[in-house]
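Topology and contacts: notes
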Amino acid sequence: MEALVEEIVIGIQKDGEIFDTQSANIQNISGNEILFDNSNDSLEIIRHSTAHLMAQAIKILYPDAKFFVGPVIEDGFYYDFRTSEKISDTDLKIIEKQMKALIKKKLPIEQYSISKKDVLEKFADDDLKQEVLKRIEDGNITIYKQGDFEDLCQGPHVPNTKLLHNFKLTRVAGAYLGGDESKEMLTRIYGTAFADKETLKEHLAMIEEAKKRDHRKLGGELGLFTFDDEIGAGLPIWLPNGARLRSKLEALLFTAHRKRGYQPVRAPEILKSEAWKTSGHYQNYGENMYFTTIDDIEYGIKPMNCLGHIKVYQNELRSYRDLPLKFFEYGVVHRHEKSGVMHGLFRVREFTQDDAHIFCTPDQIKENVIEVLGFVDDIMKSFGFEYNLEISTRPDKAIGDEKVWEIATQGLKDALDENGISYGIDEGGGAFYGPKIDIKITDALKRKWQCGTIQIDFNLPERFELEYTNENNEKSQPVMIHRAILGSFERFIGILIEHVGGEFPFFIAPTQVIVIPIADVHLDYAKELASELMMMEIDCEVSSKNESLNKRIRLAEKQRVPMILVVGDEEIANKTVALRDRRERKQYNLTKAEFYNIIKEKMNEVHF
RNA sequence: GCUCAUAUAGCUCAGAGGUAGAGCACUUCCUUGGUAAGGAAGAGGUCGAGGGUUCAAGUCCCUCUAUGAGCUCCA
């Protein structure tokens, strides 16, 4: 990073804690200096101060504004507040202008502390401050003051508003007080700030890049999928290009499962409600399920695939020699998500899971979890995804014995620990029937998405009284491992679209090759190439529209077809192709045989 | 589910109470081109749905549906 004009100390770092210069001076703290730059510690201070600066500006523009909290978040900050006036996106510019004016005033940011009792009195007429104070322990409370503006705050802050030039208010939204759905909704303004203009610009450019890659936009442009008001929210319609892409993924994954000893199975979409009562879904997940009643019998449309696979297990008497049994299905599930949460393919009401259930003995859990993690790794590598793992423990709304939960959770941790795999922990984030390992993908823009999941379940085997005969000819209860690797085709493909910006790798691109004959007389040769490619199971199109050559190349490029073949007199005479490789941004003249070899190699590169 | 916003041609968007518009896409014709937009003509809309205000509503009001930004919740 470019050196900043001058080195300014804005804080002290001691024992992992950040103190601003105000606190450090008062409390006489010494430690590592935090310089005014784009380090995490420094940005924490800058952003926190920018949030306060925004509050100060809001207070000037909207004198009745009352403020709740204004924390620093991953890539910026926000402040929650209440005013009688409605604030819209266009008002952000006005607030920014006011902030700039305050920066010009070069206001010192000062700190003092008073007792909680005094603060309660000081802000007696401010109900939001009272809410904040409820959440703060007794004792002395610090107040920061800049100009006429005062806010109770732990800090840290920069010493002067003049340091806060490089910020941007990004959006205005609503947020519940304290994140509690039952409480009032406050106005929230998000913004971001950096130490210098260039880094701010880069950050804003990245947001723009993310918008360009938005899978909802690309999904339309590339003819992958659509939604329709008349069909319903959260119910994706796969268009030909999207369906081709998806079917390739399904085919590759099918083989990958077979190689690993999984058996394909298939069970109904609707199951009697009695079955969901046995499983506990009716009681615990019913609010998210769709139901239908026919001939006085209520059926539940499946939100998960477990029950079908349990019935497959129960179809025969099982021996310990059979275990582990692995059943998999591309299971279509329906979940009634709340109306406000649908988001392109990332969050839908009907989706297909690459779901499998492994039935095994308790002491086979570890090896099977490890094997699934290997499967995950193979797939993620093939698509160039980085990912990390997170263990989710028992939630409040859980069924089953607490001790059993403990054993299962420990089993997951052991599997990871013994193989030296690092992971995070999400306390209370488990499914209602068992703890899980979530697989979170990091995409090209460093965003994280939850996809695959591995869940241990002692509960359903108990409820359905599953059994196998052990080596002593006694009945034992198997364990179920629920697992999905992509999670759902919908979400995974949505993420893949954004990860590659619509430029799918050759092996999965909906249209892999497009042949462009220069003139009508070259059409037969183009068709001959296309049919040969189709025989090789390559999705191929001939661009025979009555448009100029340039136009047809442009269209193929815009559709992000990986390989464009231009053929004319020369190619016909020599039995060659002129290949324009969009992924490598290069052009080649190749014989047909050479080209087909390249294609075969590319297809052979993929294996998971 | 909640808050705010949005909904006009297949797509992207103009149209601030008085006869529905543009570009791209589509159809037809001309053009037969060597690596990112050749030319001309044509067709296409109960202005998301329903109700209300008004002499008159795409435009103002209400309800619903869908979408977007968030909150809360999840693959």
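Residues numbered from 1 in each chain as written. Chains lettered and ligands numbered in written order. Predicted model: local features only at pLDDT ≥ 70, side-chain atom pairs only at ≥ 80, totals over all residues. Heavy atoms only, no water.

1. A word on the pairing of strand S29 (residues 563-567)
Across the five residues that make up S29, a large majority, five, are buried. Side chains Met-563, Leu-565 and Val-567 of S29 all project onto a buried face; the interleaved residues Ile-564 and Val-566 project onto the opposite face, where all are buried too. When strand S27 (residues 513-517) meets S29, the two strands line up parallel, connected through five bridges. Looking across to S29, one finds that Val-515 is bridged to Leu-565. Two elements, S29 and strand S30 (residues 576-581), share four bridges in a ladder whose sense is antiparallel. In the strand pairing of S30, Leu-565 is matched with Leu-579. (Buried < 20%, exposed > 50% of the residue type's maximum accessible area, 1.4 Å probe, protein only. Helix = DSSP H or I, 4+ residues; strand = E, 2+ residues; numbered from the N terminus. Pairing = 2+ DSSP bridges.)

2. Observations regarding the environment of Ser-392
By secondary structure assignment, the location of Ser-392 is in strand S20 (residues 386-392). When its relative accessible area of 0% is taken as the criterion, Ser-392 is described as buried. Each C-alpha atom of the pair Ser-392 and Glu-329 lies 24 Å from the other, and the pair is 63 residues apart in sequence. Excluding anything up to four places from it in sequence, Ser-392 contacts Asp-426, Gly-429, Gly-430, Pro-435, Lys-436 and Asp-438. (Contact = heavy atoms within 4.5 Å.)

3. Focus on the sheet that holds strand S17 (residues 297-301)
Strand order in this open sheet of three strands is S15-S17-S16, and the pairing throughout is antiparallel. Single-partner strands in this sheet number two, and they are strand S15 (270-272) and strand S16 (291-294). Within the sheet, the average angular offset between the axes of one strand and its neighbour, ignoring direction, is 35 degrees. For S15 and S17, the ladder comprises three bridges, and the chain directions are antiparallel. (Axes fitted to C-alpha atoms, helices over the stretch in contact; angles between N-to-C directions.)

4. What about helix H15 (residues 489-500)?
An ideal rise of 1.5 Å per residue puts 16 Å on 12 residues; H15 measures up with 16 Å between its terminal C-alpha atoms. Buried within H15 are the following residues: Phe-489, Glu-490, Phe-492, Ile-493, Gly-494, Ile-495, Leu-496, Ile-497, Glu-498, His-499 and Val-500. In the segment just after H15, Gly-501 is the residue with positive phi, at about 60 degrees. (Expected span 1.5 Å × (residues − 1).)

5. Thoughts on the nonpolar core
Of all hydrophobic cores here, the largest spans 57 residues; its most connected members are Val-369, Phe-383, Ile-456 and Phe-504. Broken down by element, this core gets its largest block of residues, eight residues, from helix H12 (residues 365-382). The residues touching Phe-383, leaving out its near neighbours within four places in the chain, are Leu-249, Phe-492, Leu-496, His-499, Phe-507, Ile-508 and Phe-608. Formed by 41 residues, the second largest nonpolar core is a distinct cluster that contains Ile-8, Ala-51, Met-99 and Phe-194. (Core = buried A, V, L, I, M, F, W, Y, C linked by side-chain atoms within 4.5 Å.)

6. As for unusual backbone geometry
Each neighbour pair has its own omega, and for Leu-323 with Pro-324 the value is 0 degrees, a cis peptide bond. In this structure, Pro-324 sits in the loop between helix H11 (306-314) and strand S18 (325-334). With a phi angle near 50 degrees, Glu-465 is a residue other than glycine that sits in the positive phi range. On the secondary structure map, Glu-465 appears in the loop between helix H14 (459-463) and strand S24 (468-469). Its relative accessible area of 64% is what places Glu-465 among the exposed residues. A positive phi angle is found at Glu-537, which is not glycine, with a value near 60 degrees. The residue Glu-537 is located in the loop between helix H16 (523-535) and strand S28 (540-542) in this model. With relative accessibility at 68%, the residue Glu-537 sits in the exposed group.

7. Some remarks on the protein's contact with RNA strand B
What surrounds RNA strand B is a group of 52 residues, the closest being Tyr-176, Ser-339, Arg-347, Ile-518 and Asn-546. When the atoms of RNA strand B within 4 Å of the protein are sorted by group, sugar and phosphate make up 49%. Here a base nitrogen of RNA strand B and a side-chain polar atom of Glu-571 are 2.6 Å apart. Residue assignment for the surface near RNA strand B shows that the elements contributing at least two residues are strand S10 (167-176), strand S11 (185-193), strand S23 (448-457), helix H17 (549-558), helix H18 (569-574) and S30. Per element, the largest residue contribution to the surface near RNA strand B is six residues, and it comes from H17. When the residues that make up the surface near RNA strand B are grouped by side-chain class, the tally is 18 nonpolar, 13 polar and 21 charged. (Near = heavy atom within 4 Å. Polar contact = N/O pair within 3.5 Å; in protein donor to acceptor, adjacent residues only side chain to side chain. Nonpolar A, V, L, I, M, F, W, Y, C, P; charged D, E, K, R; others polar.)

8. Comments concerning the confidence of the model for chain A
Summing up the model confidence of chain A, the mean pLDDT is 91 and the portion of residues at 70 or higher is 99%. Across chain A, the secondary-structure element scoring lowest on mean pLDDT is helix H1 (residues 21-27), at 81, and the one scoring highest is strand S14 (residues 263-264), at 98. (pLDDT = per-residue confidence, 0-100.)

9. Here's the deal with the packing of aromatic side chains
All chains considered together, the criterion is met by 20 aromatic pairs. Between Phe-67 and Phe-149, the ring centres sit 6.1 Å apart and the planes meet at 90 degrees, which makes this aromatic pair edge-to-face. Of the two residues, Phe-67 is situated in strand S4 (residues 66-67) and Phe-149 in strand S9 (residues 149-152); the sequence distance between them amounts to 82 residues. Aromatic pair Tyr-313 and Phe-359: ring centres 4.7 Å apart, planes at 25 degrees, arrangement stacked. Of this pair, Tyr-313 sits in helix H11 while Phe-359 sits in strand S19 (residues 350-360); the two residues are 46 residues apart in sequence, bridging distant segments of the chain. By relative accessible area, Tyr-313 is classed as buried at 1%. Taken together through their ring pairs, the aromatic side chains of Phe-254, Tyr-262, Phe-328, Tyr-330, Phe-375 and Phe-489 make up a single cluster. (Phe/Tyr/Trp six-rings, centres within 6.5 Å; stacked < 30°, edge-to-face > 60°.)

10. Digging into the environment of Ile-516
Positionally, Ile-516 belongs in strand S27. In sequence terms Ile-516 and Glu-269 are 247 residues apart; their C-alpha atoms lie 44 Å from each other. When sequence neighbours within four positions are dropped, the list of residues in contact with Ile-516 reads Ser-543, Leu-549, Arg-552, Ile-553, Ala-556, Ile-564, Leu-565, Val-566 and Val-567.

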